[in-house]
Amino acid sequence: MAVETAPEVPLWKNPAHPLTARVSALIDAMTLEEKVAQLYGVWVGASDEGGDVAPHQHDMEEAVDLDALLPCGLGQLTRPFGTAPVDPALGALSLLRTQTRIAASNRFGIPAVAHEECLAGFAAWGATAYPVPLSWGATFDPDLVHRMATAIGRDMRSVGVHQGLAPVLDVVRDARWGRVEETIGEDPYLVGTIGTAYVRGLEDAGIVATLKHFVGYSASRAGRNLAPVSMGPRERADVLLPPFEMAVREGGARSVMHAYTDTDGVPAAADEELLTGLLRETWGFEGTVVADYFGIAFLKTLHGIAADWAGAAGAALRAGVDIELPTVKTFGAPLVEAVEAGRIPQTLIDRALRRVLTQKAALGLLDPGWDPVPPALAGADLDDLDALRGRIDLDGPANRELARTVAEEAVVLLSNDGTLPLDGPRRVALVGPNADEATAVLGCYSFPQHIGVHHPATPVGIALPTLRDTLAAEFPDTEFTLVGGTGVDDGDVFGIPEAVGAARDADVVVAVLGDRAGLFGRGTSGEGCDAESLALPGAQQQLLDALLDTGTPVVTILLAGRPYALGRAVAESAAIVQSFFPGVEGTAALAGVLSGRTGPSGRLPVGVPRGAGAQPATYLGARLAQAGEVSNIDPTPAFGFGHGLTYTTFAWSDLVTHTGEAATDGEFTLAFTVRNTGRRHGTEVVQLYLHDPVASVVQPVQRLVGYTRVPLAPGETRRLRVTVPADLASFTGRDGRRVVEPGGLELRLAASSTDARLTATVTLTGPERQVDHTRRLHAVFEEEGEGAGI
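Residues numbered from 1 in each chain as written. Predicted model: local features only at pLDDT ≥ 70, side-chain atom pairs only at ≥ 80, totals over all residues. Heavy atoms only, no water.

A. Focus on the overall build of the protein. Across its full length, the protein carries 22 helices and 30 strands. Relative to the globule expectation of 28 Å for 790 residues, the C-alpha radius of gyration of the protein, 27 Å, shows essentially globular dimensions. Over its C-alpha atoms, taken along the principal directions, the protein stretches across nearly 95 × 70 × 50 Å. Among the 790 residues that make up the protein, the fraction classed as buried is 62%. Counted over contacts in the protein with a minimum sequence separation of 6, partners at least 24 positions apart contribute 79%. Approximately 27900 Å² of the protein is accessible, and the part contributed by carbon and sulfur atoms is 50%. Each charge sign in the protein was given a centre, from 62 positive and 98 negative side chains, and these centres are 3 Å apart. (Helix = DSSP H or I, 4+ residues; strand = E, 2+ residues; numbered from the N terminus. Rg over C-alpha atoms; globule rule 2.2 N^0.38 Å. Buried < 20%, exposed > 50% of the residue type's maximum accessible area, 1.4 Å probe, protein only. Contact = heavy atoms within 4.5 Å. Areas by Shrake-Rupley, 256 points an atom, 1.4 Å probe, with all protein chains shown as cover. Lys, Arg positive; Asp, Glu negative; His and termini not counted. Charge placed at Lys NZ, Arg CZ, Asp CG, Glu CD.)

Shown next as structure tokens:
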């Protein structure tokens, strides 16, 4: 009688072997078609009935036949939750069943990586829409952003998602660009620290974070989306690359997405020096490089550096792109045929495949015990659709509380003559296109604005109280008169007389202005919604000026995706409050600030312009970028980077320079005191700027090199010490090397880029010193004598 023996587990599926050996064994066993199949995604939509996903038909691509593709395997599933409204539990079931089908269809049982957008929360129906990244920057609070990202990542992981396409680490160079709302700000250190915190949060939750857009996208000419980039190597190295460098080195990001743009004629998707030389060989990145959607095909259609799809595929592979997204195009049959014809070496396929399979192995997708059931469906009866529907809550109380905290910390009080906080006014004229608009708090990558607008018959899926709702609850004894006055961008002025009448009859006017998020011209902010100038859209400035003419105090509130010039309102508004698309709890956060229930603590991540046409401008400008007698255009902002008021006052004093002279490999140490001199609790945001008066190449007048939030009770004093490594003075020299030069520096402890409070003059001594990506990146703030960071 024959004795049955257990089938031998293939080496690649045996976790007892080293991961590298498992991946090598799998690659050796694959055909060319099976290898290539792991290098692309397919854009799908989950079924609201829990069945298999359906391929998404996009107008840029042909339909995909899953039945024909799956026997060879599949690398990624593109946005199963973020393509159409679907109940989260049934979407998770649909993804589960599809993953089971994918694994069963290929010889090796390999499932796909499922990726989603998560730029302002998990972009799924019914999921919490958090504040947009520009609001993250306004918090100056990396720890809070880390908590938010962890919560977002847990929600994604709970339903079977593996990868998130965030954060955006582009540094704002021109505020007319429509995607400013998706960025964290105009300063590379702020973008780097906040973005790295977000990366850590996603990765801590088990989600592969994807850095984008690598690199230069935000520097497009005239702020036009996907326009050519005019940028020298020094600007690229010192302004645009540092956030990515920090997120790779300190955040542990496992994926990078190339930018659409070309710089000096070289598209990022075909830039081997960038994607392989710098990213991998210099920085040591070991993850996957994914294509921005359709970006490889653009090498042929938009950039004109490839004659056919195979040429585009080969250029991207040689540069270091591993995965084509969102769906199969150039990496499908054209790539297979080109390899078989000898046009593209198979070694490039194997190189990309090794990275893809290594990541899948790290996610557990190659393990024999891989289970397609996501945590949120564990133990559920998967055949009872009625019981499943509504089972998963992606917008629960903990999420809402966290979203409100982020929104509150991101509110920036730009000006205030004492009108705020409001003391229970009897009559308020609530005016403006965003006063009673529920979606005015949402960015373009929130699910309702990104996808929901195409499904008007489907409920929005999350509670979205308007500012009218939250103000009525915050001030129950106040009589509110609501008048739209004008639309966001329709130019209609016929409602302005009614708004003026309401203002004259009121004790105070709350004017709620700003943007409508959308895509490709469907909004005033968002991807493809670029602005000709930074004047308020439509007739909003006319409305605002008419309200100011009434003499009634006007509190101007901006719900927007970028900063706008406000004309007379800068000097004449009783108060100005800036909120960058603050998410589902945004109106509650604003109501709390207006009433004084919470104190404003946000700071501007981008300056607010004084004039609508002085763009591009940034606080990082060199001396020639400042106002002067040789030009009639004044780029001086109305409110500079880092600006923000509170409901209390602070005194800064007693600066002591413990170490005022240091070698070029040393550090400086300063100590100073901050005291709350007002009657309310408040948070001061201490910002450290470096000014290098003489350098071998032109430097910005100042740049942020450190910051910390300092909460203080009335009368409370804190003595702070800050250690500043000489490495923070480094910059890219004439020969392209990053150096620390000897000489004098100013270290400015400031409340904003336009409000230095204490200045230390220090000196670097010794020889010029070359540094690299391993240099020290942070100043360290501590309470003096305690050694505890704050």
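B. Up close: the pattern of salt bridges. If you walk through the whole model with that rule in mind, you get 41 salt bridges. Taking the shortest distance from any N to any O, the salt bridge between D549 and R568 comes out at 2.8 Å. Placement of D549 in helix α20 (residues 540–549) and of R568 in the loop between β15 (554–560) and α21 (569–572) is noted, with a sequence separation of 19 residues between them. According to the relative accessible area criterion, D549 is exposed, its value standing at 54%. Judged by its relative accessible area of 30%, R568 is partly exposed. Between E782 and R721 there is a salt bridge whose closest N-O contact spans 2.8 Å. Taken together, the residues E782 in strand β30 (residues 780–783) and R721 in strand β24 (residues 717–725) connect sequence positions 61 residues apart. Neither E782 nor R721 differs from the other in exposure class; each is buried. A single network of salt bridges, built from pairs that share partners, joins D395, R400, R404 and E585. (Salt bridge = Lys/Arg side-chain N within 4 Å of Asp/Glu carboxyl O.)

C. Local environment of helix α7 (residues 188–204). With 17 residues, α7 extends 24 Å between its outermost C-alpha atoms, agreeing within 8% with the 24 Å of an ideal straight helix rising 1.5 Å per residue. Taken across its 17 residues, α7 has 15 buried, putting it largely inside the fold. Of the residues flanking the start of α7, the one acting as N-cap is D187, its side-chain oxygen 2.8 Å from the backbone nitrogen of Y189. Two residues or fewer after α7 comes G206, characterised by a positive phi angle close to 90°. (Expected span 1.5 Å × (residues − 1). Polar contact = N/O pair within 3.5 Å; in protein donor to acceptor, adjacent residues only side chain to side chain.)

D. Summary view of helix α8 (residues 233–240). Looking at α8, one finds that the buried residues are R236, A237, D238, V239 and L240. At its buried positions, α8 is contacted by α7, α9 (242–251), α10 (272–282), β25 (731–732) and β26 (738–740).

E. View of unusual backbone geometry. The omega torsion across F214 and V215 is -5°, close enough to zero to call that bond cis. In this structure, V215 sits in the loop between β6 (208–214) and α8. Here L420 and P421 are connected by a cis peptide whose omega angle stands at -5°. Mapped onto the elements of the fold, P421 is located in the loop between β11 (412–416) and β12 (427–431). The phi angle at F140 is positive, at roughly 50°, despite the residue not being glycine. Along the chain, the position of F140 falls in the loop between α5 (133–139) and α6 (142–158). For F140, a relative accessible area of 1% translates into the label buried.

F. The nonpolar core, seen in detail. In this structure, F122, Y198 and F214 are the most contacted members of the largest nonpolar core, which totals 221 residues. Among the nonpolar cores identified, the runner-up in size contains 31 residues, and V710, A729, V740 and V762 belong to it. (Core = buried A, V, L, I, M, F, W, Y, C linked by side-chain atoms within 4.5 Å.)

G. Looking closely at the sheet that holds β11. Read across the sheet, six strands follow the order β11-β16-β15-β14-β12-β13 without closing on themselves; strand pairing throughout is mixed. Across the chains shown, the open sheet's two edge strands, defined by having one partner strand only, are β11 and β13 (479–483). If you compare each strand with its neighbour and ignore which way they point, the axes differ by 15° on average. Note that β11 and strand β16 (residues 575–580) share four bridges and pair antiparallel. Residue L413 lies in a different strand from β16, and its bridge partner there is V577. Sitting on the sheet, helix α19 (residues 496–504) is in contact with β12, β13 and β14 (508–514), with an inclination near 165° to β13. Contacts from helix α22 (residues 586–595) reach β15 and β16, with the element oriented near 155° to β15. (Pairing = 2+ DSSP bridges. Axes fitted to C-alpha atoms, helices over the stretch in contact; angles between N-to-C directions.)

H. Focus on the sheet that holds strand β2 (residues 54–55). Spatial strand order, β2-β1-β3-β4-β5-β6-β7-β10: eight strands in an open sheet with mixed pairing. Looking along the sheet, the strands with just one partner apiece sit at the ends: β2 and β10 (288–290). Bridge analysis of strand β1 (residues 41–45) against strand β3 (residues 76–78) gives three bridges, and the strand direction is parallel. Bridging from a neighbouring strand, G41 pairs with Q76 of β3.

I. Structural context of the pairing of strand β28 (residues 755–765). Where strand β20 (residues 661–663) lies against β28, three bridges are found, and the strand directions are parallel. Paired with E661 across the strands is T763, a residue of β28. Sheet analysis places strand β27 (residues 743–752) next to β28, joined by nine bridges and oriented antiparallel. Bridging across to β28, L745 finds its partner in V762. Between the antiparallel neighbours β27 and β28 lie two residues.

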